[in-house]
Amino acid sequence: DKIFRICTEKPLLIIKGGNNNQNKIFSLFILSVSLWSFGIFSFISAQSLNTTFNYANFNYIIAATIPLFFLHFSLLFLNKQEENKFNIMFYYLPFFIILIGLIIEPHLILKNVYFSENGTKLANINPINYTVYAFYFIVYVILAYRNLIISFFSSTDKITKIQLKYIFIGTIIPYMLAMFFDLILPPFNYSYVWIGPLLGLIVVLVFVYAIYKHQLFDTKIITAQFFTISLWLFVFIRIMIAETDQEKIINIILLISSIIFGSLLIKSVFKEIKQREKIETLASELQILTSTLSEKVLAQTSE
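The rules behind these values
- Residues numbered from 1 in each chain as written.
- Predicted model: local features only at pLDDT ≥ 70, side-chain atom pairs only at ≥ 80, totals over all residues.
- Heavy atoms only, no water.
- Pairing = 2+ DSSP bridges.
- Helix = DSSP H or I, 4+ residues; strand = E, 2+ residues; numbered from the N terminus.
- pLDDT = per-residue confidence, 0-100.
- Patch = residues over 30% accessible without salt bridge, like charges linked within 9 Å, V, L, I, M, F, W, Y side chains within 5 Å.
- Areas by Shrake-Rupley, 256 points an atom, 1.4 Å probe, with all protein chains shown as cover.
- Salt bridge = Lys/Arg side-chain N within 4 Å of Asp/Glu carboxyl O.
- Core = buried A, V, L, I, M, F, W, Y, C linked by side-chain atoms within 4.5 Å.
- Buried < 20%, exposed > 50% of the residue type's maximum accessible area, 1.4 Å probe, protein only.
- Contact = heavy atoms within 4.5 Å.
- Phe/Tyr/Trp six-rings, centres within 6.5 Å; stacked < 30°, edge-to-face > 60°.
- Lys NZ or Arg CZ within 6 Å of the ring centre and 35° of its normal.

> Any chance you could break down the pairing of strand E1 (residues 110-115) for me, citing the residues and the numbers?
Sheet topology places E1 next to strand E2 (residues 121-125); five bridges connect them, and they run antiparallel. When the sheet's bridge partners are listed, Tyr114 is paired in E2 with Leu122. Counted between consecutive antiparallel strands, the loop separating E1 from E2 contains five residues, among which Gly119 sits at a positive phi close to 90°.

Written as structure tokens, this is what we have:
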């Protein structure tokens, strides 16, 4: 009975990757930074003003997801700041307002884009709408860092504190600089928006280092989700910029196929991870049982 109580009441669970929501939100955060970087460089390299304007709006939609996913990630980090679904949806509401607003009125944030005398791409900004957008971005970033700080001081786990140190120290300076060049400076000078993606890359590298060095998340889940969602968004972008109906139909079929097979891939990876965790748990319980039996045998032998 004593052995049974030890094995059932004190199992050693070996779970490196956190819960599924953490993995999903983290993947979406990294993906949003990557897509935003892609959008900025596409904006710079586009030839026509119409295409440039479309990429600019795409950038503002994608950029709006960066603080959103970062805030969501901070709330779910290691299950220390879990929030209910109503609160989470409340945090997502401003993004959907921005998304719908830009779809209905493409000139909501930017009036237009144009070439300067030296060929640099510049933009005329709607000051009121842009200020609201910038306020949303800055407030969400502040809330996210507040949650990370609370998690750091409330945690008693050494590894958790190390992970939070990497996330906080390694991201706050690039984050602030990127916000300066791509959020605060554009109303006055739009020619330095290319700096933001380079700083965003630093943020991604810090997270990747924390993953591999300190087991922040399960790398297999992150990799599967990242590349699958990247494929979906890549095909979706091709649908949006398709010039002919035939090209659009082909890309829609490709998107549907990639969603089906990508979902099956992610599901199989999650299933494999859960099976591995069960095996590791059973192995740990067996180790405890063996150790307890050995101690009992030694005690009986000494008697």
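> How would you sum up the confidence of the model for the protein chain? Please name residues and give values.
Mean pLDDT for the protein chain: 76, with 72% of residues reaching 70 or above. Across the protein chain, element-level confidence peaks in helix H5 (residues 127-154) with a mean pLDDT of 91 and bottoms out in helix H1 (residues 2-9) with 36.

> Could you give me a rundown of a nonpolar patch on the surface, with the residues and numbers involved?
Taken together, the side chains of Phe41, Ile44, Tyr192, Trp194 and Leu198 make up a nonpolar region of the molecular surface, amounting to roughly 470 Å² of accessible area. By the secondary structure assignment, Phe41 is in helix H2 (residues 20-45).

> Go over the nonpolar core with me, naming the residues and quoting the values.
Membership of the largest hydrophobic core comes to 59 residues, with the highest contact counts inside it found for Phe29, Leu110, Tyr175 and Tyr190. Looking at this core, the elements that each hand over two or more residues are H2, helix H3 (49-76), helix H4 (85-104), E1, E2, H5, helix H6 (158-184) and helix H7 (195-214). Ranked by residue count, the leading element in this core is H3, at 16 residues. When near neighbours in sequence (up to four residues on either side) are disregarded, Tyr190 contacts Phe43, Tyr60, Leu110, Lys121, Leu122, Ala123 and Ile125. Within the second largest apolar cluster, five residues are counted, among which are Ala178, Phe181, Leu185 and Leu199.

> Tell me about the packing of aromatic side chains, and please be specific about residues and values.
As enumerated under the stated definition, the model contains 17 aromatic pairs in all. Consider the rings of Phe70 and Tyr175, whose centres lie 5.2 Å apart with planes at 45°: the pair is tilted. You can see Phe70 sitting in helix H3 and its partner Tyr175 sitting in helix H6, a full 105 residues away along the chain. Accessibility assignment for this pair places Phe70 and Tyr175 in one class, buried. One aromatic cluster is present, built from ring pairs that chain together Tyr60, Phe90, Tyr91, Tyr130, Tyr133, Tyr136 and Tyr140. We note Lys121 situated over the ring of Phe43; from NZ or CZ to the ring centre the distance is 5.9 Å. If you follow Lys161 out to its NZ or CZ, it ends over the ring of Phe152, 4.1 Å from the centre.

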